[in-house]
Amino acid sequence: MKAHIIAILLLAVLLACQPAEISKPAPVEVKTTENFVADTPVPETKGESGKTIIPTPSESTQIIPEAKTFNVEAFQFGYEPNEIRVKEGDKVHVHLTTRDVSHGFAIRELKVSIAAAPGKPGDGEFVASKAGTYRWSCNIPCGSGHKVMSGSLIVE
């Protein structure tokens, strides 16, 4: 009899500890237009047929440029590739991976700092705002050759 009472009490405790069912909100339809600047109003006009015409992005808004992506692999004591070429004004995305220990990718003049660890890549974006050659280096101490780890960003 005691075993039945204990089993019933245990079952009651387990049921009481179950999380309450959470109701999900109704789905909301969100209409987006890729590459539009969010704060720019899109004027609507009526065509000859009376239908609403929404202008294309080139007519009403400024398009946000897509980033140029570069996959950079760091290793003791270098980078592959060790040179990146872009045009002035380009948005640059660096996907940093490492094949051995933690490394960084830093360009002081452009205020860029990306870190990656084994199995944990790092990502960063910046605008190549001014023409010139910029040296990037590892900003995470990684061994005896750390100081010679560098590459070049060439902005044309």
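One structure accompanies this document, and this report is about it. Once a new chain begins, its residue numbering starts again from 1 and follows that chain's sequence as written. Totals for whole chains, interfaces and linings use all residues, but because this is a predicted model, local features are given only for residues with pLDDT of at least 70 and pairs of side-chain atoms are given and counted only at 80 or more. Each side-chain value is worked out from all heavy atoms of the structure, with water and hydrogens disregarded.

**Quick notes on the pattern of salt bridges**
Oppositely charged side chains can form a pair if their charged atoms are brought close together.
Next up, step 1: Between Lys or Arg on one side and Asp or Glu on the other, a salt bridge is scored when a side-chain nitrogen of the former is within 4 Å of a carboxyl oxygen of the latter. Under the counting rule described, the total for this entry stands at five salt bridges.
Next up, step 2: One salt bridge connects Lys91 with Glu125, and the closest N-O pair in it is separated by 3.5 Å. Here Glu125 lies in strand E9 (residues 122–127) and Lys91 lies in strand E6 (residues 91–98), a separation of 34 residues in the sequence.
Next up, step 3: Burial classes: relative accessible area under 20% of the type maximum marks a residue as buried, over 50% as exposed, and values in between as partly exposed (1.4 Å probe, protein chains only). Assessed through its relative accessible area of 27%, Lys91 is described here as partly exposed.
Next up, step 4: Each member of the salt-bridge network shares a partner with another, and the members are Glu83, Arg85 and Glu156. Secondary structure follows DSSP: runs of H or I at least 4 residues long count as helices, runs of E at least 2 residues long count as strands, and numbering of each begins at the N terminus.

**Concerning unusual backbone geometry**
Next up, step 1: With an omega dihedral of 10°, the bond running from Gln76 to Phe77 counts as a cis peptide bond.
Next up, step 2: Note that Phe77 resides in the loop between strand E3 (68–75) and strand E4 (78–80).
Next up, step 3: The omega torsion across Glu80 and Pro81 is -5°, close enough to zero to call that bond cis.
Next up, step 4: Counting through the fold element by element, Pro81 comes out in the loop between E4 and strand E5 (83–86).
Next up, step 5: Positive phi values are uncommon outside glycine, yet Lys111 reaches one of about 55°.
Next up, step 6: Of note, Lys111 is situated in the loop between strand E7 (103–107) and strand E8 (112–116).
Next up, step 7: Taking relative accessible area as the criterion, Lys111 reaches 77% and is therefore assigned exposed.

**Notes on the sheet that holds E4**
Next up, step 1: For two strands to count as paired, DSSP must find a minimum of two bridges between them. Taken in spatial order, the four strands make up an open sheet running E4-E3-E6-E9, and their pairing is mixed. Each edge of the sheet is formed by a strand with only one pairing partner; in this case those strands are E4 and E9. Neighbouring strand axes in the sheet, compared pairwise and without regard to direction, differ in orientation by 30° on average.
Next up, step 2: Sheet analysis places E3 next to E4, joined by three bridges and oriented antiparallel. Within E4, the position partnered with Phe75 by the bridge is Gly78. Between N-to-C directions, angles span 0 to 180 degrees; the directions come from axes that are lines fitted to C-alpha atoms, helices contributing only their stretch in contact.

**A look at the side chain of Thr98**
Next up, step 1: Relative to the assigned elements, Thr98 resides in strand E6.
Next up, step 2: Residue Thr98 is classed as buried on the basis of its relative accessible area, which comes to 13%.
Next up, step 3: A polar atom in the side chain of Thr98 sits 3.3 Å from the backbone nitrogen of Asp100.
Next up, step 4: As used in this structure description, the phrase polar contact means that two N or O atoms lie within 3.5 Å; if the pair is within protein, one of them must be able to donate a hydrogen and the other to accept it, and residues adjacent in sequence are counted only when both atoms belong to side chains. Polar contacts involving the side chain of Thr98 include one to the main-chain carbonyl oxygen of Val101, which spans 2.5 Å.
Next up, step 5: By definition in these notes, contact holds between two residues if any of their heavy atoms fall within 4.5 Å. When sequence neighbours within four positions are dropped, the list of residues in contact with Thr98 reads Ala74, His103, Ala116, Ala117 and Pro118.

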